[in-house]
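Tertiary structure, described
Given next are the chains, with one letter for each unit.
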Amino acid sequence: MDSDSSASAVSLLGSDEPPPVELVNADGHSSAVLVCDHASNRVPRLLGSLGLDAVQLADHIGWDPGAADVARRLSTLLDAPLILSGYSRLVIDCNRPLHSAGSIAEQSDGVPVPGNRGLSPLERENRINALFRPYHDAIDRLLDGRTRRPRLLLSIHSFTPVLNGRPRPWQIGVSHWRDRRLAALMLGVLAHCGEFTVGDNAPYPIDAEIDYTIPVHGEARGLPSVMIEIRQDGIQTAAGAAAWAARLAASFRLIKAGALRILGSSFSVHSASDPL
Ligand SMILES: [Zn+2]
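Residues numbered from 1 in each chain as written. Predicted model: local features only at pLDDT ≥ 70, side-chain atom pairs only at ≥ 80, totals over all residues. Heavy atoms only, no water.

**Examining the environment of Asn-95**
Selection criterion: We count a stretch as a helix when DSSP gives it H or I for four or more residues in a row; a strand needs E for two or more, and each element gets its number in order from the N terminus. It only takes one pair of heavy atoms within 4.5 Å for two residues to be counted as in contact. In protein, a polar contact means a hydrogen-donor-capable atom and an acceptor-capable atom, both N or O and within 3.5 Å, with residues adjacent in sequence counting only if both atoms are side-chain atoms; elsewhere, any N or O pair within 3.5 Å suffices.
Position of Asn-95 among the secondary structure elements: in the loop between β3 (82–85) and β4 (107–108). Taking C-alpha positions, Asn-95 is 5.5 Å from Thr-213, a pair spaced 118 residues apart along the chain. Setting aside residues no more than four positions away along its own chain, Asn-95 makes contact with Asp-37, His-38, His-157, Ile-210, Asp-211, Tyr-212, Thr-213 and Met-227. Within polar-contact distance, the side chain of Asn-95 engages the backbone nitrogen of Tyr-212 at 3.0 Å.

Pasting the structure below:
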């Protein structure tokens, strides 16, 4: 960054750069509302490459490889709305509370991030205003606009197959915060097929101190919500992403009745319109 970029509340994004948030299929009829916090590894031009090389930015520290592909396919299969973040989690992590150390990480998985060191309060504010707030405001607007129908929040992520030198056994994980009900339904269906090792609140349990999307947009609204983590080696090709999207869509359809019971009788009367 040059000195001008930190001297005032400049717009972090150029007018020719992609927006901080993308909304897909806003009027989708599904009860599922999909979000993808780590969809992109793009860095605003003004921030250069954050001092990282292209290989580092393309790695899992920069984004969730494959997650956006699965989320887009799932949006189509379920006719569900989907919101994706437009920029790298290393610029500001949209699934971290702003007070957490991981919000603008100075290192990730042992890799120092030079462009995140020694930021001024104004530089932090610029990232918050340009990227974090528009993304979460978009989720708020979407959820606010769907209060008359069932809403089940599914946050789609991917995880690296090996972390700190240790292979991870799960092909997929379903995580929840305090409300386990929707996760339990998903876990039951995914485990029942017997094909995969399914993580129950693994590889990452949700913690309101380090997670933002599920605690804030899910539980704080009283919405059943889950974080779905797919191992990246299973979705690095289009065929792999398509297969996992199809499995998740099939699983979601199977939990329809149970999900409606969680939401309560006020919505079950609408079952004739098959909102799931
Ligand atoms: Zn993620």
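**As for the nonpolar core**
Filter applied, for reference: Working definition of a nonpolar core: buried Ala, Val, Leu, Ile, Met, Phe, Trp, Tyr and Cys residues. They are joined through side-chain atoms within 4.5 Å. Burial classification: accessible surface area is computed with a 1.4 Å probe over protein chains only, and a residue below 20% of its type maximum counts as buried, one above 50% as exposed, and the rest as partly exposed.
Residues Leu-154 and Ile-228 are the most contacted members of the largest nonpolar core, which totals 40 residues. Contact partners of Leu-154, with chain neighbours within four places excluded, come to Ala-32, Val-33, Leu-34, Val-35, Leu-182, Val-226, Ile-228 and Phe-252. The next biggest cluster of nonpolar side chains, apart from the first, holds 20 residues, and it includes Leu-50, Val-113, Leu-119 and Ala-130.

**Considerations on the coordination of the zinc ion**
Ideal geometry at a metal gives 109.5 degrees between four tetrahedral donors and either 90 or 180 degrees between six octahedral ones. Operational definition: Coordinating N, O and S atoms are those within 2.8 Å of the metal (3.2 Å for Na, K and Ca), and as water is not part of the atoms, a site may appear to have fewer donors than expected.
Protein coordination of the zinc ion is provided by His-38 (ND1), Asp-64 (OD) and His-157 (ND1), with donor distances spanning 2.0 to 2.1 Å. Along the chain, the residues that donate to the zinc ion are spaced as H-x25-D-x92-H. Separated by 93 residues along the polypeptide, Asp-64 in the loop between α2 (54–58) and α3 (67–78) and His-157 in strand β6 (residues 152–159) bring together distant segments of the chain. You'll find Asp-64 and His-157 in the same group, each marked buried.

**Things to note about the packing of helix α5 (residues 181–192) against helix α7 (residues 238–254)**
Selection rule: Each axis is a line fitted through C-alpha atoms, and for a helix only the stretch in contact is used; angles between axes span 0 to 180 degrees, taken between their N-to-C directions. What sets the label is the angle itself: under 35 degrees gives roughly parallel, over 145 gives roughly antiparallel, 65 to 115 gives roughly perpendicular, and the rest give oblique. Handedness of a helix crossing follows the sense of rotation of the near helix relative to the far helix, less than a right angle counterclockwise being left-handed and clockwise being right-handed. Each residue is assigned to one of three groups, with Ala, Val, Leu, Ile, Met, Phe, Trp, Tyr, Cys and Pro labelled nonpolar, Asp, Glu, Lys and Arg labelled charged, and all others, Gly among them, labelled polar.
At their nearest, the axes of α5 and α7 sit 9 Å apart, and the two run at 120 degrees to each other. Taken together, the axes of α5 and α7 lie oblique to each other. The crossing of α5 and α7 is right-handed. Where α5 approaches α7, its residues Met-186, Val-189 and Leu-190 are matched on the opposing element by Leu-248, Ser-251 and Leu-254. Class assignment of the residues belonging to the contact of α5 with α7 gives a composition of 5 nonpolar, 1 polar and no charged.

**Points about empty space enclosed by the protein**
Let me state the cut-off plainly: Grid points spaced at 1 Å over the protein atoms alone were grouped into cavities, where a 1.4 Å probe fits but cannot get out, and pockets, open sets with protein on both sides within 12 Å along at least five of seven lines, with lining residues defined by an atom within 4 Å of a point. Grid points are joined across faces, edges and corners, and a volume is the space filled by probe spheres set on the points.
A full pass over the atoms with the stated rule returns 2 cavities of 30 Å³ or more. Of the pockets and cavities examined, the second largest cavity occupies roughly 30 Å³. Around the second largest cavity sit Pro-20, Ser-85, Gly-86, Tyr-87, Ser-88, Ile-92, Cys-94 and Leu-131, which together line it. Within the lining of the second largest cavity, the residues separate by chemical class into 5 nonpolar, 3 polar and no charged.

**A look at the layout of surface pockets**
Estimates place the volume of the largest pocket at around 610 Å³. Contributing to the lining of the largest pocket are 28 residues, with Arg-89, Asp-93, Arg-96, Ser-108 and Tyr-204 lying nearest its centre. Mapped onto the lining of the largest pocket, the elements with two or more residues apiece are β4, β6 and β11 (225–231). In terms of residue count, the dominant contributor to the lining of the largest pocket is β6 (3 residues). Within the lining of the largest pocket, the residues separate by chemical class into 9 nonpolar, 12 polar and 7 charged.

**Focus: the sheet that holds β3**
Applicable threshold: If DSSP finds at least two bridges between two strands, the strands pair.
The strand order across the open sheet formed by 7 strands is β1-β3-β2-β6-β11-β9-β10, and the pairing between neighbours is mixed. The strands lining the two open edges of the sheet, one partner per strand, are β1 (21–24) and β10 (198–200). The mean angle between the axes of side-by-side strands here comes to 20 degrees, regardless of whether they run parallel or antiparallel. Direction of pairing for strand β2 (residues 32–36) relative to β3: parallel, over a ladder of 3 bridges.

**Here's the deal with the packing of aromatic side chains**
Applied cut-off: Stacked, tilted and edge-to-face are the three classes assigned to paired rings of Phe, Tyr and Trp, where Trp is represented by its six-membered ring and a pair needs centres within 6.5 Å; plane angles under 30 degrees give stacked, over 60 edge-to-face, the rest tilted.
Enumeration according to the criterion identifies 3 aromatic pairs in this entry. Between Phe-132 and Tyr-212, the aromatic rings sit 5.0 Å apart at their centres with planes inclined by 70 degrees, giving edge-to-face as the arrangement. Linking Phe-132 in helix α4 (residues 121–144) with Tyr-212 in the loop between β10 and α6 (213–218), this pair joins segments that are 80 residues apart in sequence. Ring geometry for Phe-196 and Trp-244: centres 4.7 Å apart, planes at 45 degrees, overall tilted.

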